[in-house]
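Residue strings, one per chain:
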Amino acid sequence: MGEGTGRSGDVGGTEEQRAARRDEAVRAAVEQGLLGPDTPIVGLLDVAGIRESAAALRSAFDAVTPPGTPVLHAFAVKATPLVPVLRLLHEEGVGAEVASPGELALARAAGVPPERTVLDSPAKTPGELREALALGIAVNADNPQELARIDALMAGRTSGSPLGIRVNPQVGGGSIEALSTAAATSKFGVALRDEGAREWVVRAYLDRPWLTRLHAHTGSQGIPLTLMAEGVAETYALAEEINERAGRRQVDTLDIGGGLPVNFSSDETTPTHAEYARALRDAVPGLFDGRYGLVTEFGRSLLAKHGTVVARVEYAKSAGGRPVAVTHAGVQVATRTVYAPGAWPLRIAAYDGKGLPKAGAEVVQDVAGPACFAGDLLATGRALPLLEQGDYAAALDTGAYYFAHHYAYNSLARPGVYGFVTGGPEGVGFATVREPQAVEEIVAEAGGAHVDALTSARREAR
Ligand SMILES: *Cc1c(COP(=O)(O)O)cnc(C)c1O
């Protein structure tokens, strides 16, 4: 295998097994007709890999907390908003962090109970807040105006919802500005270092005995672990201050958010949830002495490595001396990579027309998508075995924030998503997670039922 697949010698057994399962799944997808000339793109999810990551997350925090410490791992639904994925994670002991009515509906459809659900969005309407409180879902208020809405809903009532405030510890941003939530001017939470803000937060708790949680999420992808730990340490210090001034353990749970970065350059899982949990314990030992319950909200680190988007090479051509493989995977499934290739490079693996890893000398080439703009490229100037017509190109590590986040440019259809399990008596078994989108659905979603809406409106206005 070439360098482009990142199959280096330093990956551990689990990682090698994961790569081997991926190869098996691509081959089986071609053999079983999930992938072919008429279905030129699919998303594949490694069920065993997802289970492994969920188990590794649980054991990472079990290892640093005293027995009996309440720890809720809530998967950030936005990373992979697919109901069967949420169901699988729920079965693996992982709840849901939701940030919109749609995400809450997905979590409920997956059977995630309210007590394992956390609502965090920055723009909750009064209706959303009312529903969350009626269901008993944990809510983190983003700002003073939102807290005032919760005050109104709580007047003369009690709620089963654990309630908290989201703070921005303003410890600084990471390498990707759009994903840095703890910069001085980030839009999320109460900016703790702004003048008067800390005192406002403390008073808010002292005035409201029902505020028992404190939340911070210091960013995603591109944030170093030390900075994440610093954000958690700041939040812990605030909880201690509130509790001291309250004279009781009012804040009983810290929600430390998610944000563990993912290594997109090889099959190695680094950093691991265990490394992060140990780094947190070392940086903030008081948080792990049993006095506080914990909520985590990991997304990318749970799912990214377990998804692969595989696309057929429709045409192989050459332009300006450079080979270009025109595939069916582009901006519609890898939006961030196409628009911001520097921040979001993806590994590409080459497979032949039978779905077997392609051998052969590496050639510098472009891997293009199907959309009608020149920048629709999955990879540029990449050294890979030469992709030819009828081959397949796989974009690796796309289980989070990629093929589940369809971007409807050119009315390109949402690909089908299938979970796979290897090692069964009949080889690889696939389960439909999401049907491929039919063109009839595209028409319906594009106002197909209202075909005369504008022409008849014009006549009426005359
Ligand atoms: C996006 C988000 C997460 C998950 O971030 P990852 O980088 O995917 O782990 C967790 N909490 C909140 C509040 C978020 O906005």
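Residues numbered from 1 in each chain as written. Predicted model: local features only at pLDDT ≥ 70, side-chain atom pairs only at ≥ 80, totals over all residues. Heavy atoms only, no water.

The name given to the protein chain in an unreviewed UniProt entry is Diaminopimelate decarboxylase, and the organism recorded there is Streptomyces mutabilis. UniProt, in the comment section headed Sequence similarities (unreviewed entry), describes the protein chain in these words: "Belongs to the Orn/Lys/Arg decarboxylase class-II family." Check the Cofactor (unreviewed entry) section of the UniProt entry for the protein chain; it says "pyridoxal 5'-phosphate". (UniProt positions renumbered as here; feature names shortened; annotations may be inferred.)

Examining the site of the ligand
The immediate surroundings of the ligand are formed by 15 residues, with Lys78, Ser220, Gly259, Glu297 and Tyr401 found nearest. A distance of 2.8 Å separates an oxygen atom of the ligand from a polar atom in the backbone of Gly259. Contact between the ligand and Arg300: an oxygen atom at 2.8 Å from a main-chain N or O atom of the residue. Relative to its unbound accessible surface of 390 Å², the ligand loses 94% to contact with the protein. Of the residues in the shell around the ligand, the class split is three nonpolar, six polar and six charged. (Near = heavy atom within 4 Å. Polar contact = N/O pair within 3.5 Å; in protein donor to acceptor, adjacent residues only side chain to side chain. Areas by Shrake-Rupley, 256 points an atom, 1.4 Å probe, with all protein chains shown as cover. Nonpolar A, V, L, I, M, F, W, Y, C, P; charged D, E, K, R; others polar.)

Side note on the pairing of strand β11 (residues 307-319)
Direction of pairing for strand β1 (residues 41-46) relative to β11: antiparallel, over a ladder of five bridges. By the bridge assignment, Gly43 is partnered in β11 with Val309. Of the strand pairs in this sheet, β11 and strand β16 (residues 392-395) are connected by four bridges, and their pairing is antiparallel. What sits directly across from Val309, in β16, is Ala395. Relative to strand β12 (residues 322-327), β11 is paired through six bridges, and the arrangement is antiparallel. Directly across from Tyr315, in β12, lies its bridge partner Val326. Here β11 hands over to β12 after two residues, with Gly320 in that stretch at a positive phi of 55°. (Pairing = 2+ DSSP bridges. Helix = DSSP H or I, 4+ residues; strand = E, 2+ residues; numbered from the N terminus.)

A short note on unusual backbone geometry
The omega angle of the peptide bond from Thr270 to Pro271 is -5°, so this bond is cis rather than trans. Turning to its location among the elements, Pro271 is positioned in the loop between β9 (253-255) and α9 (273-283). Positive phi values are uncommon outside glycine, yet Gln170 reaches one of about 50°. Here Gln170 is to be found in the loop between β6 (163-168) and β7 (190-191). What makes Gln170 buried here is its relative accessible area of 9%. (Buried < 20%, exposed > 50% of the residue type's maximum accessible area, 1.4 Å probe, protein only.)

Observations concerning helix α3 (residues 83-91)
Because the α-helix completes a turn every 3.6 residues, residues three or four places apart line up on one side. Among the residues of α3, Val85, Leu86, Leu88 and Leu89 are the ones counted as buried. Seen end-on, α3 carries its buried residues on one side only, within an arc spanning 160°. On the buried face of α3, the contacting elements are β1, α2 (47-62), β2 (71-76), α4 (101-109) and α10 (300-303). Count one or two residues on from α3 and you reach Gly93, which has phi positive near 85°. (Arc of directions from axis to C-beta. Contact = heavy atoms within 4.5 Å.)

Regarding the UniProt feature "active site" (unreviewed entry) in the protein chain
According to UniProt, the positions carrying the feature "active site" (unreviewed entry) are Cys372. Leave out the neighbours within four places in its chain, and Cys372 touches Tyr409 and Asn410.

Quick notes on the packing of helix α5 (residues 126-135) against helix α6 (residues 144-154)
Contact pair α5 / α6: the axes reach a minimum separation of 10 Å and the direction vectors enclose 50°. For the element pair α5 / α6, the angle class is oblique. The element α5 and its partner α6 pack so that their crossing is right-handed. Here α5 contributes Pro126, Leu129, Arg130 and Leu133 to the contact with α6, which in turn contributes Glu146, Arg149, Ile150, Leu153 and Met154. For the contact of α5 with α6, the residue count by class is six nonpolar, no polar and three charged. (Axes fitted to C-alpha atoms, helices over the stretch in contact; angles between N-to-C directions. Parallel < 35°, antiparallel > 145°, perpendicular 65-115°, else oblique. Left-handed = near helix turned anticlockwise from the far one by under 90°.)

Re the packing of aromatic side chains
This structure, assessed with the given rule, holds eight aromatic pairs. When the ring of Tyr339 is compared with that of Tyr407, the centres are 5.9 Å apart and the planes differ by 75°; the resulting orientation is edge-to-face. Here Tyr339, found in helix α11 (residues 335-339), pairs with Tyr407, found in the loop between β16 and β17 (416-424); they are 68 residues apart in sequence, far enough to count as distant. Here the aromatic residues Tyr339, Phe373, Tyr407 and Tyr409 are joined through ring pairs into a cluster of three or more. (Phe/Tyr/Trp six-rings, centres within 6.5 Å; stacked < 30°, edge-to-face > 60°.)

What to know about the pattern of salt bridges
Tallied over the full model, the rule gives 25 salt bridges. Two residues, Arg21 and Glu52, come together in a salt bridge whose shortest N-O distance is 3.8 Å. One end of the pair, Arg21, is in helix α1 (residues 13-31); the other, Glu52, is in helix α2, with 31 residues separating them in the sequence. The exposure class assigned to Arg21 is buried, which follows from its relative accessible area of 10%. (Salt bridge = Lys/Arg side-chain N within 4 Å of Asp/Glu carboxyl O.)

Some thoughts on α6
Regarding α6, the residues found buried are Glu146, Leu147, Ile150, Leu153 and Met154. Projected down its long axis, α6 shows its buried positions confined to an angular sector of 115°, all on one face. Projecting away from the buried face of α6 at angles above 90 degrees are the exposed residues Gln145 and Ala152. In this fold, the buried residues of α6 make contact with α5, β5 (138-141), β6, α7 (197-207) and β8 (211-215). Capping the start of α6, Asn143 holds a side-chain oxygen 3.0 Å from the backbone nitrogen of Gln145, two or three residues further along.

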